[in-house]
Amino acid sequence: MRHSGSFLAFLGIATCSTAWAAANDASRPRGVSPEFAKFYKDTTTFTCISHPAIKVPFSSVNDDYCDCPDGSDEPGTSACAHLSKHSPSTPSDHPWDTDLDLTPALPGFYCKNKGHKPSYVPFQRVNDGVCDYEACCDGSDEWAHVGGTKCEDRCKEIGKEWRKQEEKRQKSFTSAMKKKKELVTEASRLRKEIEDHINDLETEIKAEEIKIQGLEAELHRVEKAERGKVVKGKKKGKVNVLAGLAKSRVEELRNALVDVRDQRDEYHSRVKELEEILSKFKVEYNPNFNDEGVKRAVRSWEEYAAKGTAADGISGQAAKDRDLDEISKPDSDSSGINWEQWENEEERETEIDLIYKLAAYLPPSLVDYLEDKLSSFKSFLVSNGVLTEAEVTSSSESKAVTEARDALNAAKSSLTGDQNRLRDHRQDLEKDYGPEDIFRPLKGRCISRDAGEYTYEHCFLEGTKQIPKKGGSRVGMGNFVRFGSVTLDEINNYGELIPVEMMTLEYANGQSCWNGPNRSTTVVLQCGEEEEILKVAEDEKCVYSMIVTTPVACTGSGSGSDSKKGKDEL
Ligand code: MAN
C-alpha cells in the first residue's frame, strides 16, 4: 500500500515487520486491546471493522497508512489520527472518502501498562515525541522513539501510587455509600414519623371537633339561661320594688332611733350632774342669811326632788334599753322580714317568659340563625366603632357565658392549629425529596465556604447565601425550586472526556441584582463522603454555581467510569 508522508519510511523501519513488532507476545497487533483482538485474527486479509465490505491485505495493518475509513487498520500508529468522531466527512484523497461514515472504530492506542491499568491514548499522541504517562505509563505510545524520545516504563511506581490512592478512594467511596444508605434509612424514619404525626393529628382533630360541638351547645345553653336571668333581673316586679322601698325606710328609722337614744343618754347624764349640784347646794347653803332668792331656789329644788330624780327614771329604763339595743343592731333581722326573699321574689310567668318560651317552638336552626345574625351584628357594631368590645361582652355578658365562650374559642384555636399542622405535614409528604426521599434528612443542613470577599452558604433544599466577610447584609442567592441535572465532561480511565449527567439543586428568585436578574444558583452534586462546598463561581452576573459533595450523588462501584474498561493486565 501507499506510504505517502510516512515517517516510518523515513525512519527506515520495514512496515511489514512493524505490524507485529512488540505485539507478538500478546499475539495481536500493536495498539490493539483484548477487546478488539478478534478482528485481527485472520493474518492474511484484514476486514475494516465498521466497513466489512472493505478488505485489505493484513500487511496493511499498522503500515502507517490509513486504508480503512474507520482507521481500524492502524491501531498502533497515528496514520488515521485525522479521523474525527465528530466530522464524518474529513477530506482525504482516498477512493472511499465520499459518503462513508468516518467514525473511528477504535477508542485509541491501547497501552498494556503492566503493573498498572491498561488504557487508551488518543492516536494523535502516538509517536508525537511526548511521554503520555497519565494514560500510557509503560511508554509504549512512543515506540518509534521519534527525535530520540525514550519513554521508560514507569507503570510499577505509577501503579503503586495509583493503587494507594485508589484504596483511599475506595474506602471513602465505601464509607460514602454507607452514609447514603443511612440517609435512606433516616429518610424513611422521618417519613414514618410524619405519617405517625398525621395519624395522631387526625384522631386529635376528630376529638376536638366533637368537643367543639359540645362546647357550642354548652355556650348556647348558658347564653339562653343567662339571657333569661338578665331580662328578669332588669324588669323588677312591684313586690320587688315595694320590698326595696320598705327595706330602706326601715333602715332610715333604725338609724334615727340610734341617734335619739344617744341624745337621750347625753341629756340624762347632764340632768344627773345638775341634780347633784342642787342637792349639794341645799345641804350646804346658810339659812341664817335671810336671802329670799336662795330660799325660793331651795324650795323649788325640794318640790322637784319630791317628784323623783333622773337617777330614779334611769333605773327603770334597763329592760326597755335591752329591746332598743336589739332593734338598733345594724345586721339584725329584727324586723323579722326576709328582705332578700322579697327583693328577688320570682314573679309569676310574665310576658317576657312567654317570649323566651317562644324560641322553644321555633326550629333550632332558625334560633341559631337569629343568634348568629345578632352576633355578627354585634361584631359589625364593634368593628365600626359603634360599640366597644367591653360593651358587647362584659357589660352584656355574664361570667358563665364568657367562660363558655372562652372555652369554645380556645378549643377552636387549638383545632385550627392542629388542622394547619396536619395540612403542612400532608404537603410535606407530597413534596419531592429526591429518589427514596433521600434529601429529606438533609433539608435545612447548611455548609459554607470562603471565596474572595464572601462566605458562601448552601442550606440543602432551602437556599444559598453570600455573606460579606467584612460585615454587611447577607445576600440571598436563591431559594430552592427544583431538582435538575447538568451534563459535564469527566475524564474516564482512558484519559478521555466523557459526558456525565450530574444531579443539580436549583435555587432561584434570590435578591435582585442591580441592573441584572434576581440571583440564582445551580448546585452541582458530586459524590463525596461529606457534605462540602468544593467550588463557587459566578458564571454570569448574579448567576452562581457551586460544586457540592454529598454521599447522595454516589452511584455504581466507585471505580470511576467503567465504559471501555479493558481487561486489567496487572
Ligand atoms: C454583589 C455581589 C456580586 C454581584 C454584584 C452585582 O457585589 O452579589 O456577586 O455580582 O453584587 O452587582
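Residues numbered from 1 in each chain as written. Predicted model: local features only at pLDDT ≥ 70, side-chain atom pairs only at ≥ 80, totals over all residues. Heavy atoms only, no water.

- Labelled according to an unreviewed UniProt entry, the protein chain appears under the name Glucosidase 2 subunit beta, originating from Byssochlamys spectabilis.

## Quick word on the overall build of the protein chain
Next up, step 1: From N to C terminus, the protein chain includes 12 helices and 12 strands.
Next up, step 2: Roughly 34,800 Å² of accessible area belongs to the protein chain as shown, and the carbon and sulfur atoms make up 54% of that amount. (Helix = DSSP H or I, 4+ residues; strand = E, 2+ residues; numbered from the N terminus. Areas by Shrake-Rupley, 256 points an atom, 1.4 Å probe, with all protein chains shown as cover.)

## Brief notes about the pairing of strand β12 (residues 543-550)
Next up, step 1: With 7 of 8 residues buried, β12 lies mostly within the body of the structure.
Next up, step 2: Inspection of the sheet shows strand β11 (residues 532-540) paired to β12 by 7 bridges, in the antiparallel sense. Looking at the pairing, Ile 533 lines up with Val 548 of β12.
Next up, step 3: Taking the residues between adjacent antiparallel strands as the criterion, β11 and β12 are bridged by 2 residues, where Cys 542 takes a positive phi near 70°. (Buried < 20%, exposed > 50% of the residue type's maximum accessible area, 1.4 Å probe, protein only. Pairing = 2+ DSSP bridges.)

## Let's talk about the pattern of salt bridges
Next up, step 1: Under the criterion given, the structure shown has 25 salt bridges.
Next up, step 2: Note that Glu 186 is salt-bridged to Arg 189, the shortest N-O span being 3.1 Å. Taken together, the residues Glu 186 and Arg 189, both in helix α3 (residues 155-234) and 3 residues apart, mark about one turn of the helix.
Next up, step 3: When the shortest N-O distance is used, the salt bridge between Asp 437 and Arg 440 registers 3.0 Å.
Next up, step 4: Given a relative accessible area of 6%, Arg 440 falls into the buried group.
Next up, step 5: Among the ionic contacts, a cluster of salt bridges with common partners joins Arg 191, Asp 428, Asp 437 and Arg 440. (Salt bridge = Lys/Arg side-chain N within 4 Å of Asp/Glu carboxyl O.)

## Details of the packing of aromatic side chains
The geometry of an aromatic ring pair is captured by the separation of the ring centres together with the interplanar angle, meaning the angle of the planes.
Next up, step 1: Considering all chains together, one arrives at 10 aromatic pairs under this definition.
Next up, step 2: Their ring planes at 25° and their centres at 6.3 Å tell us that Phe 281 and Tyr 285 sit as a pair that is stacked.
Next up, step 3: Taken together, the ring pairs connect Phe 439, Phe 480, Phe 483 and Tyr 507 into an aromatic cluster.
Next up, step 4: Its guanidinium or amino end placed over the ring of Trp 143, Arg 30 lies 3.9 Å from that ring's centre, counting from NZ or CZ. (Phe/Tyr/Trp six-rings, centres within 6.5 Å; stacked < 30°, edge-to-face > 60°. Lys NZ or Arg CZ within 6 Å of the ring centre and 35° of its normal.)

## So, helix α5 (residues 292-306)
Next up, step 1: Helix length check: α5 (15 residues) gives 21 Å between terminal C-alpha atoms against 21 Å at 1.5 Å per residue, within 8%.
Next up, step 2: The N-cap of α5, judged by a side-chain oxygen 3.1 Å from the amide nitrogen of Gly 293 a few residues on, is Asp 291.
Next up, step 3: The positive-phi residue at the C-terminal boundary of α5 is Gly 308, with phi of around 105°. (Expected span 1.5 Å × (residues − 1). Polar contact = N/O pair within 3.5 Å; in protein donor to acceptor, adjacent residues only side chain to side chain.)

## Here we look at a nonpolar patch on the surface
Next up, step 1: Together, Leu 274, Ile 277, Leu 278 and Phe 281 line one region of the surface with nonpolar side chains, adding up to about 360 Å² of accessible area.
Next up, step 2: With respect to the helices, strands and loops of the structure, Phe 281 is situated in helix α4 (residues 238-284). (Patch = residues over 30% accessible without salt bridge, like charges linked within 9 Å, V, L, I, M, F, W, Y side chains within 5 Å.)

## Considering unusual backbone geometry
Next up, step 1: We note that Asn 113 has phi near 50°; this positive angle belongs to a residue other than glycine.
Next up, step 2: Mapped onto the fold, Asn 113 is located in the loop between β3 (109-111) and β4 (119-121).

## Things to note about the sheet that holds β11
Next up, step 1: Ordered in space as β5-β6-β7-β8-β9-β10-β12-β11, the 8 strands form an open sheet in which the pairing is mixed. The sheet is open, and its two borders are formed by β5 (446-451) and β11, each paired with just one other strand. Averaged over all pairs of adjacent strands, the angle between their axes in this sheet comes to 30°, without regard to strand direction.
Next up, step 2: In terms of strand pairing, strand β7 (residues 463-468) meets strand β8 (residues 475-491) through 3 bridges, oriented antiparallel. What sits directly across from Lys 465, in β8, is Gly 476. (Axes fitted to C-alpha atoms, helices over the stretch in contact; angles between N-to-C directions.)

## Describing the site of the ligand
Next up, step 1: The local shell around the ligand consists of Tyr 454, Gln 466, Cys 513, Arg 519, Glu 538, Lys 541, Cys 542 and Tyr 544.
Next up, step 2: One nitrogen or oxygen atom from the side chain of Tyr 454 is found 3.1 Å from an oxygen atom belonging to the ligand.
Next up, step 3: One of the side-chain N or O atoms of Tyr 544 is found 2.7 Å from an oxygen atom in the ligand.
Next up, step 4: If the ligand stood free it would expose 310 Å²; the protein chains cover 67% of that surface.
Next up, step 5: Tallied by class, residues from the shell around the ligand come to 4 nonpolar, 1 polar and 3 charged. (Near = heavy atom within 4 Å. Nonpolar A, V, L, I, M, F, W, Y, C, P; charged D, E, K, R; others polar.)

## Quick word on a positive patch on the surface
Next up, step 1: Residues Lys 156, Lys 160, Arg 163, Lys 164 and Lys 168 make up a contiguous surface patch of positive charge.
Next up, step 2: As for its placement among the helices and strands, Lys 168 is situated in helix α3. (Lys, Arg positive; Asp, Glu negative; His and termini not counted. Charge placed at Lys NZ, Arg CZ, Asp CG, Glu CD.)

## Let's talk about the environment of Leu 429
Next up, step 1: The topology assignment puts Leu 429 in helix α12 (residues 399-430).
Next up, step 2: Take Leu 429: its relative accessible area is 15%, and that puts it in the buried class.
Next up, step 3: Between the alpha carbons of Leu 429 and Arg 191 there is a distance of 7.2 Å; along the sequence they are 238 residues apart.

## Describing helix α7 (residues 318-328)
Next up, step 1: All buried positions along α7 are accounted for by Asp 321, Leu 324 and Ser 328. For α7, the angular spread of the buried residues around the axis is 60°, confining them to a single face. The exposed set on the far side of α7, more than 90 degrees from its buried face, consists of Arg 322 and Asp 323. (Arc of directions from axis to C-beta.)

## Quick notes on the pairing of β7
Regular strands place side chains that alternate from one sheet face to the opposite one.
Next up, step 1: Buried residues dominate β7, accounting for 5 of its 6 residues.
Next up, step 2: Where strand β6 (residues 454-459) lies against β7, 6 bridges are found, and the strand directions are antiparallel. Looking at the pairing, Tyr 454 lines up with Pro 468 of β7.
Next up, step 3: Once β6 ends, the chain turns through 3 residues before running back antiparallel as β7, passing Leu 461 with a positive phi of about 60°.
Next up, step 4: Turn length for the β7-β8 hairpin, with the two strands adjacent in sequence and antiparallel, is 6 residues, and the turn residue Gly 471 shows positive phi of about 95°.

## Describing the side chain of Gln 466
Next up, step 1: Following the sequence through the fold, Gln 466 ends up in strand β7.
Next up, step 2: A distance of 3.1 Å separates polar atoms of two side chains, one belonging to Gln 466 and the other to Tyr 456.
Next up, step 3: Apart from the residues lying within four places of it in its own chain, the contact partners of Gln 466 are Tyr 454, Thr 455, Tyr 456, Arg 474, Val 475, Met 477, Arg 519 and Tyr 544. (Contact = heavy atoms within 4.5 Å.)

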